[in-house]
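Residue-level structure breakdown
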Amino acid sequence: MASGASIIQLLFVVLSIQTIICHGAELALAGNAPTVLEDLSGLAGQEVSVPCSVDVATCGDFHSVKWYRESQRVFVYSELANLERSEGSLTNRARFVLSSNETQAGLKISSLQLADEGLYRCEITYLEINEGCPVVQYVNLTVLAAPDYVEILLEDGKTSAAIRNVSRIGPFNEGTIVTLLCRSGGGRPVPRIEWWNGSHVMEADEVVATQEDNGAVTGINRLQVALSRQDLDAQWQCRVRSPALSSPLVANLRIDVHVKPTNVTLTGLDTAVTEGTAVVVYCVADGARPAAAITWYNDSSPLQKSAVETTQLQPEDEAEVEEQSDGTFSTRSRLIFTLNRHDHRRYITCRAGNTVTDDLQHKPVQVSQLLRVEYAPTVAVSPENVTVNETMDVLIFCTYDANPVTLTSVQWFKDDVEIIIDGPHKYEGATVDQPALLLKKATRDDAGAYTCRLTNAIGTGQSENVAFISVQYPAEVRLVMEPELPVNELERPNITLNCQVSSGYPPVLLGVRWYLDGELLKELPDCPLNETITSFSMYDEDLCDVDPSKLLLEYVGRSFQGNYSCEGMNAAGWGPPSEVETLVIYYPPGNTTLTYEPEVVVKDGPMTLTCGVSDVGQPAVTQYRWTRNGHVIPEISDAQWNVSQVTLNYQANYSCTPVNEAGEGETATIEVEVYAAPTFIERLPPTSGALSDSADSAKLSCRVECYPLCQIDWFRNGVPIRESPMYTVVDSFVPENIKFNQHQSVKSSLSFNMRMWSQAKLDPIADTANYTCTSTDNVVGDGVSSTTLFTVEYAPTAAIIDNPSIEVEEGSIVGQLECSASAYPLANYYWQYNHQIIGNGPRLTLDYGLSRDKTGEYSCVAHNQHGNSSAKAFINVVFKPECSITLREMEGKTRLICEVQANPKLVDFMWMLNNATLTTDIVHMGLQSVLTIDGPAPTNGIYYCHANNSVGFGTPCEISVEGGLLAKLGDENIIIIAVIAAAIVVILVVCIVLLVICRRKRTEDKYNPAATMEQRENRSARFVINVYAQPGP
């Protein structure tokens, strides 16, 4: 009731305020007060207060203050209406402030945004209208925003790529024109952008500004510079200034400028260099970025690291590079000299270049130095070949090239041994003025290689060639045969006998005498001048103009064997005879025979092949080559081939050939035929069978290998099966299979003609029999036989369980269930419960206490490959009742319901209150018993429910009941409910009254011709009413 009275009181206050507002609007229109314009700026993200002057002392209290941005209202404040709300873009970001002397109001905006910029209008509604009181004021708010970034971009004419702050760009070759953009955005107004190089401003284009979507402004300043050496290691900076910044934003950039070398210097070659002396030359290239690459040249040929040995100029592996203070590099390269005489008066050149000289196609910077080399003599002797007779003089010259050319000593050597010149008897010359050597009256001991060694101030030089002096004397010879011995008669070779000079000069023979077994065989050349030829009739013109040191024996056979020797003659006469050499001739074996044993070769038995020869050849036969059906058998090389177990592969054509080092003898051949005794390839299985009603598919077969071929007969229990209509016998011939080592064989099949049997079925007992397959004998073995036990098969039938129905109390053990069925082959078993397999085998063991959820049907399935049969048993697990009690309100009455679970489900109930048995107001319904406890009798206390079935009494369940339902609701709660209902009615009445007032006011506004200001005031009044009619912003 209290809340309803408050709402009615508030309604009267609102109606009074509405009357005052309407009166104040009329006064304001009549006054036509002046407006005030003021400029204000604020920083984005900060707080700003938009002022609005109020004069409470002169104009009286105001009803409300409203702020507009452009034409949209953004804030309204009314103390009388207890209203302060931000709207539009200032929602939740603005609040009303009033100075302590009540002369200055303000709209304080937090988190200032760029979009907040604009013309703000403040409208004041006073409770009384007075002239001179400003009711509308204007403030122009400018929002300043600091730029939030500055970045430098590199422009290549097509695209621009951002460069991170404090970065280095390049490299750029000197002379390159670089265009950079400095961009800054995210703020307002347009920033001032400048380029700085160290401490001075760089000339750049004007700043170009673009407007961003959020009202911010982006400025870009373009800088274009032609790079030079003065820009080495330069650090450029882009500075951004703005009224919103306390200090400028900066972006730093370093320009990597590449420049070519400025100069090259060469040091280390000030004096003459002795050949072979290690000299180090340094080349320094300055002023280059990147570091200069130094290349060395010997005259016009560049020096490579791989050319060290041939040029003896070795550049250092790595040049030393040092960075200078201006960012350029000084490169220092070292060249190690090991010069020879060929470098004398050549120029060594150092060239320095880098990528700048390469890109701009400029010549590298270079410096050259003349080489001066002092070296020992280079010596040569002449003539190089001199042939003299004994007692003749020989003059040998020694010429040289040297720097300096003056000699200090002369030495001569024979066969690398120094010649001691001790007087004019043997030698003359060999002085520094006349280096030539004169050899007097040469002997054979003077023959040899002569060299000269000269020395000057630098060193000693040995002649690079030799002067060879030959002194003639008679020859000693040796006999050599070609080709190397022995030789093969089958090849009908030619043998060349060489009479070679072992010592003597000249080594060329003018005549040779040939001997066989000590007798003269031939003298060459065969010309009339030979002293052993006495008449022209013995002259052979074809053997006159020949090399006498060679004798050709054509088409050599075994008859050419013997001991050969020779003696030779040169310009000095005949020499002694040579040592004897024996000529050996090889020839193959002959007269080959081939035999085998035993005479009849049986498969799986032994066999021996023998190859014999009557002439073993020279040297004697070493091996035999065997073939089988034309294929060589490499693993057999003896005269006998022993086979321990003959396979079908050995039925073939055989050949053998004796072989020695001279070749192959005659080949002998023979044909071997392999016999086979009767043997099973396919025998009957120990057991076999067929379904009684589908024996047409039953067939017995066996296969016997035998050569010559044999015959197969069938027997049933020892009785021959001949032309019986109950069976069909089919015999077939199978050819030999060498791959599987199987000879010719006979295959026989026995089929059952079921249409000729009684009822066209097999009897499981009468038709079980032994069937035998037997072969006849052949010339190499006895017959064989095989027996199978033929049984009649059928699917399981008449499956039974020994105890098909079992009742057991929960927790008790059942023991075992056993299942059996008739079947062949014998049946296998498995057990199922709830479609799940729980065991295998004919017995199911339940040796644990069964729970109630194990009640159900248990199945046994007997099965074999022909089918299955099943039997079922039912296990009933019984247990005592288990109860629970619930209290329910049903049909206006309080009832206790006792529900039980039990097996068997036939249950008796008994109710008790405390210790007293209840017999009335009880209804039994199967597994439920319902007790109604409303009535004149006492209902407080503990209720018990007892239940039992044939298994026994279960544990009783209980519930405690205290009082009736009405006792739960006291007098106080009833009064509260009544008050709540009355309050709801009052609230509904107030809402109806407010609705009628609002509609009546809206009708008056529709026909009121007042000015624009009055309309705005009326909208404000309606707004106040709506606020109180509908709580919330």
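Whatever comes next refers back to the structure up there.
Residues numbered from 1 in each chain as written. Predicted model: local features only at pLDDT ≥ 70, side-chain atom pairs only at ≥ 80, totals over all residues. Heavy atoms only, no water.

Regarding the overall build of the protein chain
Filter applied, for reference: Helix and strand assignments come from DSSP, with helices taken as H or I runs of at least 4 residues and strands as E runs of at least 2, each series counted from the N terminus. We call two residues contacting when some pair of their heavy atoms lies within 4.5 Å. All accessible-area figures derive from a Shrake-Rupley calculation using a 1.4 Å probe, and residue coverage is judged against the displayed protein chains alone.
In terms of helices and strands, the protein chain carries six helices and 81 strands. Long-range pairs, those at least 24 residues apart, make up 65% of the contacts in the protein chain with a sequence separation of at least 6. Total accessible area computed for the protein chain in this model is approximately 56300 Å², and 51% of it derives from carbon and sulfur atoms.

As for unusual backbone geometry
Trans peptide bonds make up most of the peptide bonds, and negative phi angles are found at most residues other than glycine. The condition that has to hold: Here's how the labels work: a residue is buried when its accessible area is under 20% of the maximum for its type, exposed when over 50%, partly exposed in between, all with a 1.4 Å probe on protein chains only.
For the bond from serine 382 to proline 383, the omega torsion is -5°, close enough to zero to count as cis. If you trace the backbone, proline 383 turns up in the loop between strand E30 (373-382) and strand E31 (385-388). Its identity is not glycine, yet aspartate 416 carries a phi of approximately 70°, on the positive side. Tracing the backbone through its elements, the reader meets aspartate 416 in the loop between strand E33 (409-414) and strand E34 (417-418). Aspartate 416 sits in the exposed class, given a relative accessible area of 68%.

Digging into the pattern of salt bridges
Here is the rule we go by: Throughout this description, the term salt bridge denotes a Lys or Arg side-chain nitrogen within 4 Å of a carboxyl oxygen of Asp or Glu.
Within this structure, the stated rule accounts for 30 salt bridges. Glutamate 705 serves as the salt-bridge partner of lysine 603, at 2.5 Å between the closest nitrogen and oxygen. In this pair, lysine 603 sits in the loop between strand E51 (601-602) and strand E52 (607-615) while glutamate 705 sits in strand E61 (residues 699-707), placing the two residues 102 residues apart along the sequence. The pair formed by lysine 603 and glutamate 705 is uniform in burial state, with each residue classed as buried. Three or more residues joined by partner-sharing salt bridges are found here, namely Arg73, Arg85 and Glu87.

Looking at the environment of leucine 509
One can find leucine 509 in the loop between strand E42 (495-505) and strand E43 (511-516). Judged by its relative accessible area of 8%, leucine 509 falls in the buried class. Apart from the residues lying within four places of it in its own chain, the contact partners of leucine 509 are Ala475, Val477, Cys499, Val501, Pro548, Ser549, Gly568 and Met569.

Examining the sheet that holds strand E32 (residues 394-403)
Going by this rule: In short, DSSP must find at least two bridges between two strands for them to pair.
The sheet built from five strands is open, its strands ordered E21-E30-E32-E36-E35 with mixed pairing. The strands lining the two open edges of the sheet, one partner per strand, are strand E21 (273-274) and strand E35 (427-429). Judged from the three bridges that link them, E32 and strand E36 (residues 437-439) form a sheet pairing that is antiparallel. Note on E36: the bridge partner recorded for leucine 395 is leucine 438.

Concerning the sheet that holds strand E23 (residues 293-298)
Pairing between sheet strands relies on hydrogen bonds along the backbone, with the strands arranged either parallel or antiparallel. The sheet built from four strands is open, its strands ordered E24-E23-E28-E29 with antiparallel pairing. Strand pairing shows two members of the sheet lacking a second neighbour, strand E24 (301-302) and strand E29 (365-370), which therefore form its edges. Of the strand pairs in this sheet, E23 and strand E28 (residues 347-353) are connected by six bridges, and their pairing is antiparallel. Among the inter-strand pairings, threonine 295 is bridged to a residue of E28, identified as arginine 351.

What about the state of the cysteines?
Here is the rule: The term disulfide is used for any two cysteine sulfur atoms that are within 2.5 Å.
By the definition in use, this model includes 13 disulfides. Between cysteine 59 and cysteine 133 runs a disulfide, and the two sulfur atoms are separated by 1.7 Å. A torsion of -105° about the S-S bond marks the disulfide between cysteine 59 and cysteine 133 as left-handed. Taken together, the residues span a long stretch of sequence, with cysteine 59 in helix H2 (residues 56-59) and cysteine 133 in the loop between strand E8 (118-126) and strand E9 (136-144) at a distance of 74 residues. Across the pair, cysteine 133 and cysteine 59 agree in class, each one buried. The disulfide that involves cysteine 898 links it to cysteine 945, with 2.1 Å between the sulfurs.

Quick look at the packing of aromatic side chains
The geometry of an aromatic ring pair is captured by two quantities: the separation of the ring centres and the angle between the planes. For the record, the criterion: Two rings from Phe, Tyr or Trp (for Trp, the six-membered ring) form a pair when their centres sit within 6.5 Å of each other. Planes less than 30 degrees apart are called stacked, planes more than 60 degrees apart edge-to-face, and all others tilted.
Scanning all chains against the criterion turns up 15 aromatic pairs. For the ring pair tyrosine 727 and tryptophan 757, a centre distance of 5.9 Å and an interplane angle of 85° mean the geometry is edge-to-face. Of this pair, tyrosine 727 sits in strand E64 (residues 727-734) while tryptophan 757 sits in the loop between strand E65 (745-752) and strand E66 (769-775), placing them 30 residues apart in sequence. There is no split in this pair, since tyrosine 727 and tryptophan 757 are both buried. When the ring of phenylalanine 752 is compared with that of tyrosine 771, the centres are 5.7 Å apart and the planes differ by 65°; the resulting orientation is edge-to-face. Of this pair, phenylalanine 752 sits in strand E65 while tyrosine 771 sits in strand E66, placing them 19 residues apart in sequence. Among the aromatic side chains, those forming a connected cluster through ring pairs are Tyr727, Phe752, Trp757, Tyr771 and Phe790.

Here's the deal with the nonpolar core
Heads up, the condition is: To form a nonpolar core, buried Ala, Val, Leu, Ile, Met, Phe, Trp, Tyr and Cys residues must be joined to one another through side-chain atoms within 4.5 Å.
Counting residues in hydrophobic clusters, the biggest one holds 33 residues, and the most contacted among them are Trp67 and Leu107. If you list the elements that add at least two residues to this core, you get strand E2 (48-53), H2, strand E3 (62-69), strand E4 (72-78), strand E6 (94-98), strand E7 (104-109), E8 and E9. In contact with tryptophan 67, not counting residues within four places along its chain, are Val50, Pro51, Cys52, Gln72, Arg73, Val74, Phe75, Phe96, Gly106, Leu107, Arg121 and Cys122.

Description of the pairing of strand E67 (residues 785-801)
By the bridge criterion, five bridges tie strand E60 (residues 687-691) to E67 in an arrangement that is parallel. The partner of threonine 687 across the bridge, within E67, is leucine 789. Relative to strand E69 (residues 815-824), E67 runs antiparallel, the two being bridged by four bridges. In the strand pairing of E69, isoleucine 801 is matched with cysteine 819.

Nothing here speaks to function; it is geometry throughout.
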